[in-house]
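# Descriptive analysis of the structure
Below are the chains, spelled out letter by letter.
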Amino acid sequence: MKLLDKTSNPAFTDYFFNNDRPSSNKMTVTGVFVKSSLSITIIIIISIGIWKLYSEGADVKWYSMGGMLAAIIISLVISVRQHWAHILVPLYAIAKGFFLGATTAYAHARFPNFPYQAIGITMVTFLVMLLLYQTRIIVVTKKLRSVIITVTASIFIIYIISWILGFFGIKVFIWGTSWPAIIFNIVAGIFAALSLLLDFDYIERHKNSSPKYKEWLATWGLLVTLVWLYVEVLRLMRKLAIRF
């Protein structure tokens, strides 16, 4: 089953963060942490529910497709209606819960324990990138930011085009298990990890200065990156298992 996830992170581009309104309540790291934890909990609970349905014999294909499309639509709305973020981000988490629940169920059915390993790799990657950022071993410069955004946007476009071509029966190499497909997957995974640096950089630059509602936008950005990273890791593990 070919599953597509949004692979760029528009939540942290200047375009979506240039309309601050005066506010006495400011964005804080604690606020982002609490909202992110809540959103991740929602995703986990719904994913477990979908996984249970699949184990009982239910067809969850449309949960995956519906969750993916809903997440994309919600993201577009968030980008132009930032002050609705406190409502839309939880809805985004629900949509991703459906998407990841179905994706994980299918993966576990064919490759037991792969989802658990992918979750572990995603968590470790998150902590490593946070450490590299906090210790300034990797410094987020304008040039690095530009490279990451450009490459992730290109990856996203490739995924969208290949997904559309799939409806016409045209198989694009990135879905296979050839070496070019594996290399593409590795590159996508690397830039998903690097995108975490942009998330950390944005939060640090805007903490205690931006309006409180932007904690939800920061949460959205983190969710986009983490889900993308998890899916890329899971997809890479599947390809390697089939090939070897």
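Here is what the cut-offs are and how they apply
- Residue numbers restart at each chain and count upward from 1, following the sequence in its written direction.
- Two thresholds apply to this predicted model, a pLDDT of at least 70 for residue-level local features and 80 or more for giving and counting side-chain atom pairs, whereas whole-chain, interface and lining totals are computed over all residues.
- Excluded from the side-chain calculation are hydrogens and water; included are all heavy atoms of the structure.
- Counting from the N terminus, the helices are DSSP H or I runs at least four residues long and the strands are E runs at least two residues long.
- UniProt positions are given in the numbering used here, feature names are shortened, and annotations may be inferred rather than shown by experiment.
- Burial here depends on accessible area, computed with a 1.4 Å probe over protein chains only, as a share of the maximum for the residue type. Under 20% is buried, over 50% is exposed, and the range in between is partly exposed.
- Pairs of residues are marked as contacts when any of their non-hydrogen atoms sit within 4.5 Å.
- In what follows, salt bridge is the name for a side-chain nitrogen of Lys or Arg lying within 4 Å of a carboxyl oxygen of Asp or Glu.
- To define axes, lines are fitted to C-alpha atoms, for helices over the stretch in contact only, and angles between the resulting N-to-C directions are given on a 0 to 180 degree scale.
- Here roughly perpendicular refers to angles of 65 to 115 degrees, roughly parallel to angles under 35, roughly antiparallel to angles over 145, and oblique to all remaining angles.
- For any pair of crossing helices, the crossing counts as left-handed if the nearer helix is rotated counterclockwise from the farther one by less than a right angle, and right-handed if it is rotated clockwise.
- Aromatic rings from Phe, Tyr and Trp, with only the six-membered ring used for Trp, were paired whenever their centres fell within 6.5 Å, and each pair was classed as stacked if the ring planes differed by under 30 degrees, edge-to-face if by over 60, and tilted otherwise.
- Charge-over-ring contacts are defined here by two conditions on Lys NZ or Arg CZ: a distance within 6 Å of the ring centre and an angle within 35 degrees of the ring normal.

## Some words on the environment of Ile-138
- Note on placement: Ile-138 falls in the loop between helix 4 (114–134) and helix 5 (142–166).
- Distance from Ile-138 to Leu-197, taken between C-alpha atoms, is 8.5 Å for residues 59 residues apart in sequence.

## Structural notes on the UniProt feature "transmembrane region" (unreviewed entry) in the chain
- The UniProt record marks residues 32–54, 60–80, 87–108, 114–135, 147–170, 182–203 and 215–231 with the feature "transmembrane region" (unreviewed entry), using the residue numbering of this structure.
- The span residues 87–108 shows a helical share of 100% and a strand share of 0%, and its end C-alpha atoms are spaced 32 Å apart.
- End C-alpha to end C-alpha, residues 147–170 measures 30 Å, and it is 83% helix and 0% strand.

## Describing unusual backbone geometry
- Notably, Asn-113 is not glycine yet its phi reads approximately 75°, a positive angle.
- Counting through the fold element by element, Asn-113 comes out in the loop between helix 3 (85–110) and helix 4.
- Asn-113 sits in the partly exposed class, given a relative accessible area of 41%.
- Here the phi dihedral of Asn-208 falls at roughly 65°; this positive angle occurs in a residue that is not glycine.
- In this fold, Asn-208 is placed in the loop between helix 6 (179–206) and helix 7 (214–243).
- Look at Asn-208 and you get exposed, because its relative accessible area is 54%.

## As for the side chain of Lys-35
- Residue position: Lys-35 is located in helix 1 (residues 29–55).
- The buried category is assigned to Lys-35, whose relative accessible area is 15%.
- Aside from chain neighbours lying at most four places away, what touches Lys-35 is Glu-215, Trp-216 and Thr-219.

## As for the pattern of salt bridges
- Here the structure, examined in full by the defined rule, presents 6 salt bridges.
- Between Lys-35 and Glu-215 there is a salt bridge, with the nearest N and O atoms lying 2.7 Å from each other. Within this pair, whereas Lys-35 is found in helix 1, its partner Glu-215 is found in helix 7, the two being separated by 180 residues in sequence. Both residues of the pair, Lys-35 and Glu-215, belong to the buried class.
- For the salt bridge of Arg-235 with Glu-232, the shortest nitrogen-to-oxygen distance reads 3.5 Å. On the criterion of helical spacing, the pair formed by Arg-235 and Glu-232 is a turn pair, its members being 3 residues apart in helix 7. Taken as a pair, Arg-235 and Glu-232 share a single burial class, namely buried.
- What you see here is one network of salt bridges that share partners, running through Lys-35, Lys-212 and Glu-215.

## Some words on the packing of helix 4 against helix 7
- Their axes nearest at 9 Å, the elements helix 4 and helix 7 cross at an angle of 130°. The pairing of helix 4 with helix 7 is recorded here as oblique in orientation. The chirality of how helix 4 crosses helix 7 is right-handed. Residues Phe-114, Pro-115, Gln-117, Ala-118, Ile-119, Ile-121, Thr-122, Thr-125 and Phe-126 of helix 4 lie in contact with helix 7, whose contacting residues are Leu-226, Leu-229, Tyr-230, Val-233, Leu-234, Met-237, Arg-238 and Ala-241.

## A word on the environment of Ala-107
- As for its placement among the helices and strands, Ala-107 is situated in helix 3.
- Along the chain, Ala-107 and Val-227 lie 120 residues apart, while their C-alpha atoms are 15 Å from each other.
- In contact with Ala-107, not counting residues within four places along its chain, are Pro-112, Pro-115 and Leu-234.

## Observations concerning the packing of aromatic side chains
- One pass over the structure, following the stated rule, counts 10 aromatic pairs.
- Each ring, one from Phe-111 and one from Phe-114, has its centre 5.1 Å from the other, and the planes form 10°; the classification is stacked. The burial state of Phe-111 is the same as that of Phe-114; both residues are buried.
- Residues Tyr-159 and Trp-175 carry aromatic rings whose centres are separated by 5.8 Å and whose planes lie at 45° to one another, so their mutual orientation is tilted. Pair noted here: Tyr-159 is in helix 5 and Trp-175 is in the loop between helix 5 and helix 6, with a separation of 16 residues, a long-range link. For the pair Tyr-159 and Trp-175, one class covers both residues: buried.
- Among the aromatic residues, those joined into a cluster by ring pairs are Tyr-159, Phe-173, Trp-175 and Phe-184.
- The ring of Trp-62 has Lys-61 lying over it, and the distance from NZ or CZ to the ring centre is 5.6 Å.
- Taking the ring centre of Phe-99 as reference, the NZ or CZ of Lys-96 above it sits at 5.0 Å.

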